[in-house]
Amino acid sequence: QVQLVESGGGLVQAGGSLRLSCAASGRTFSSYAMGWFRQAPGKEREFVAAISGSGGSTYYADSVRGRFTISRDNPKNTVYLQANSLKPEDTAVYYCAAGPRFPRVGALQYDYWGQGTQVTVSS
């Protein structure tokens, strides 16, 4: 079992930055690939970024590549999403997820989910 808790969301102006964190429980954190997803009102949950268990490989959705950076600190059981140059269309609830394989972009391919953190980007 892995429990995930996101933090770091908030309200930011367009062009600003936020750093989201996801703290994981358990002693096998490094064995999981981690992903970030987001869901805007009325829309399906969409893939944002993923990172391998070692942190050596990353993968991004086209919509965020070059603006967002995913990273992890395995001794701290934490994964991060640095979001720069934010746009109003980035407004969503952001979720972290843990799964057995990398890279995976489908939500059904992840086993554990956090409760989400709201990111709102004003124009």
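Shown above is the structure to which this text applies.
1. Some remarks on the packing of aromatic side chains
Part 1: Scanning the model with the defined rule gives 7 aromatic pairs in all.
Part 2: Seen from their ring centres, Phe-37 and Phe-47 are 5.7 Å apart, and the 75° between their planes marks the pair as edge-to-face. In this pair, Phe-37 is assigned in strand β4 (residues 33-39) and Phe-47 in strand β5 (residues 46-51), connecting sequence segments 10 residues apart.
Part 3: For Phe-47, a relative accessible area of 11% puts it in the buried group.

2. Digging into the pattern of salt bridges
Part 1: The final tally for this structure, using the stated rule, is 4 salt bridges.
Part 2: Among the ionic pairs, Glu-46 bridges to Arg-38, the shortest N-O distance being 2.5 Å.
Part 3: The network of salt bridges with shared partners includes Arg-38, Glu-46, Arg-67 and Asp-90.

3. Quick word on the side chain of Asp-90
Part 1: With respect to the helices, strands and loops of the structure, Asp-90 is situated in the loop between β8 (78-83) and β9 (92-99).
Part 2: Excluding its chain neighbours within four sequence positions, the residues that come into contact with Asp-90 are Arg-38, Arg-67, Phe-68, Ser-85, Val-119 and Val-121.

Rules used throughout
Residues numbered from 1 in each chain as written. Predicted model: local features only at pLDDT ≥ 70, side-chain atom pairs only at ≥ 80, totals over all residues. Heavy atoms only, no water. Phe/Tyr/Trp six-rings, centres within 6.5 Å; stacked < 30°, edge-to-face > 60°. Helix = DSSP H or I, 4+ residues; strand = E, 2+ residues; numbered from the N terminus. Buried < 20%, exposed > 50% of the residue type's maximum accessible area, 1.4 Å probe, protein only. Salt bridge = Lys/Arg side-chain N within 4 Å of Asp/Glu carboxyl O. Contact = heavy atoms within 4.5 Å.

Geometric descriptors of this kind do not, in isolation, establish any biological role.
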